[in-house]
Amino acid sequence: MEEVGFPPGVVNVVTGFGDEAGTPLVTHPLVRKIAFTGSDATGRKLAEMAARGLKRVSLELGGKSPNIVFADADLDDAINGAVSGIFAATGQTCIAGSRLLVEESIHDAFLERLIALAKTARMGDPMQAETQVGPVTTQQQYAKVLSYIDIAKGEGAKLELGGGPATRPECGKGWFVEPTIFSEVDNRMRRKSSGRCCR
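Please read these numbers as outputs of a predicted model, since none were measured by experiment.

(A) Spatial organisation of the overall build of the protein. Helix and strand counts for the protein come out as five helices and seven strands. Listing every helix and strand of the protein by position from the N terminus yields α-β-α-β-β-α-β-α-α-β-β-β. The 199 residues of the protein split such that 33% are buried. A separation of at least 24 residues holds for 58% of the contacts in the protein among residues at least 6 apart in sequence.

Next up, the structure:
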C-alpha cells in the first residue's frame, strides 16, 4: 500500500477468526465503520454488535450477481466474461456472476455460444495452471449446490448444460459439479442454482 502512495498506517491487516479478531474490531470504540462480506448468519451477528455502538455497517451477504448483456455488446467479450465470472473458482466467490440477463434479440445466439464455450472448461486440480474449474470446497456445499440444481429443475428452469456431479477422470473422487447452465428462468424461482442464463 505504501508503494502505491498510501501513507503508513492507513491500511492495516488483522488476521484471525471471529472471536479473536472480528469481535474485538467490531466492538472497539475507535472503529466507526464496518464493511463485511460473508454469510448472513455472521452478518446478522456483526450488525447486532455494531448497533450497540451505533456504527455504520455495509454488508454483502452472498447476493446473486447478475451480468447484463445488451444487443450492442461485444459478444465474444461478454461470453468469455460470463464463463470466467461464474466458473472461475467454481462460482465460490462473493462476486460470482451467477445470473445472466440477456437482451431478447440476442438471447438464443448468446446462449448457444455460451454453452459451446462452457463445454470446453477444463476441470481438475485447482493447483494446476491449466485447470479452469476446480472442486467445491466442502462436502456440505457440494450437496447444497446439487440440491439447488434439483430445485431449479423442479421449478421449471430448462437445463442446457451439466446439472450433476462431474464424473470425468481428471476429477477423481473430489466434489466436482459439471459446469451448469439453465435457461427459461424467472424471478419467481429460487435464486441459488449456479450458472443460469435467462431471457
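Now, onward.
(B) Highlighting the pairing of strand S1 (residues 33–37). Only one face of S1 is covered, namely the face carrying Ile34 and Phe36; the face carrying Lys33, Ala35 and Thr37 is uncovered. Where S1 and strand S2 (residues 56–60) come together, five bridges link them in parallel fashion. Directly across from Ile34, in S2, lies its bridge partner Val57. Read as a crossover between parallel neighbours, the route from S1 over helix H2 (residues 40–52) to S2 is right-handed.

(C) Up close: the pairing of strand S4 (residues 99–102). Relative to S4, strand S3 (residues 66–69) runs parallel, the two being bridged by four bridges. Following the sheet pairing, Val69 is matched in S4 by Val102. Running through helix H3 (residues 75–87), the crossover from S3 to the neighbouring parallel element S4 is right-handed.

(D) The arrangement of the environment of Asp76 in detail. With respect to the element layout, Asp76 can be found in helix H3. Along the sequence, Asp76 and Glu2 sit 74 residues apart, while their C-alpha atoms lie 38 Å from each other.

(E) Molecular detail of unusual backbone geometry. One non-glycine residue, Ala89, adopts positive backbone phi at about 60 degrees. One can find Ala89 in the loop between H3 and S4. You can call Ala89 partly exposed: its relative accessible area is 45%. Positive phi is not limited to glycine here, since Glu184 has a value of about 55 degrees. Residue placement: Glu184 occurs in the loop between strand S6 (181–183) and strand S7 (196–198).

(F) Helix H4 (residues 107–118), seen in detail. Its 12 residues give H4 an end-to-end C-alpha distance of 16 Å, which sits within 8% of 16 Å, the value for a rise of 1.5 Å per residue. For H4, every residue scored as buried is listed here: His107, Phe110, Leu111, Leu114, Ile115 and Ala118. The buried residues of H4 occupy an angular sector of 130 degrees when projected down its axis, which confines them to one face.

(G) Molecular detail of the nonpolar core. Grouped together as the largest cluster of nonpolar side chains are 25 residues, with contacts concentrated most on Val69, Phe87, Leu100, Phe110, Leu114 and Ile181. Every element with two or more residues in this core is listed here: H3, S4 and H4. Top contributing element to this core by residue count: H3, with seven residues. By size, the runner-up hydrophobic cluster in this structure holds 11 residues, among which are Tyr142, Val145, Ala157 and Phe182.

(H) The arrangement of H3 in detail. The end-to-end C-alpha distance of H3 is 18 Å, a good match for the 18 Å that 13 residues give at a rise of 1.5 Å each. Looking at where H3 begins, the residue whose side-chain oxygen comes 3.1 Å from the main-chain nitrogen of Asp76 is Asp74. Note on H3: the residue one or two positions beyond its end, Ala89, has a positive phi of about 60 degrees.

(I) Representation of the packing of helix H1 (residues 18–27) against H2. Their axes nearest at 8 Å, the elements H1 and H2 cross at an angle of 40 degrees. Considering their axes alone, H1 and H2 lie oblique with respect to each other. Each of Asp19, Thr23, Val26 and Thr27 in H1 lies in contact with H2, whose residues at this interface are Lys45, Leu46, Met49 and Ala50.

(J) A look at the pattern of salt bridges. If you walk through the whole model with that rule in mind, you get four salt bridges. Of the charged contacts in the structure, one is a salt bridge between Lys158 and Glu160, with a shortest N-O distance of 3.9 Å. Judged by relative accessible area, which is 41%, Lys158 ranks as partly exposed. Between Glu178 and Arg168 there is a salt bridge, with its nearest N and O atoms 2.7 Å apart. Within this pair, whereas Glu178 is found in the loop between strand S5 (158–161) and S6, its partner Arg168 is found in the loop between S5 and S6, the two being separated by 10 residues in sequence.

Cut-offs used in this document
Residues numbered from 1 in each chain as written. Predicted model: local features only at pLDDT ≥ 70, side-chain atom pairs only at ≥ 80, totals over all residues. Heavy atoms only, no water. Helix = DSSP H or I, 4+ residues; strand = E, 2+ residues; numbered from the N terminus. Buried < 20%, exposed > 50% of the residue type's maximum accessible area, 1.4 Å probe, protein only. Contact = heavy atoms within 4.5 Å. Pairing = 2+ DSSP bridges. Right-handed = clockwise from strand over helix to strand, strands pointing away. Expected span 1.5 Å × (residues − 1). Arc of directions from axis to C-beta. Core = buried A, V, L, I, M, F, W, Y, C linked by side-chain atoms within 4.5 Å. Polar contact = N/O pair within 3.5 Å; in protein donor to acceptor, adjacent residues only side chain to side chain. Axes fitted to C-alpha atoms, helices over the stretch in contact; angles between N-to-C directions. Parallel < 35°, antiparallel > 145°, perpendicular 65-115°, else oblique. Salt bridge = Lys/Arg side-chain N within 4 Å of Asp/Glu carboxyl O.

These figures come from the coordinates and say nothing about function on their own.
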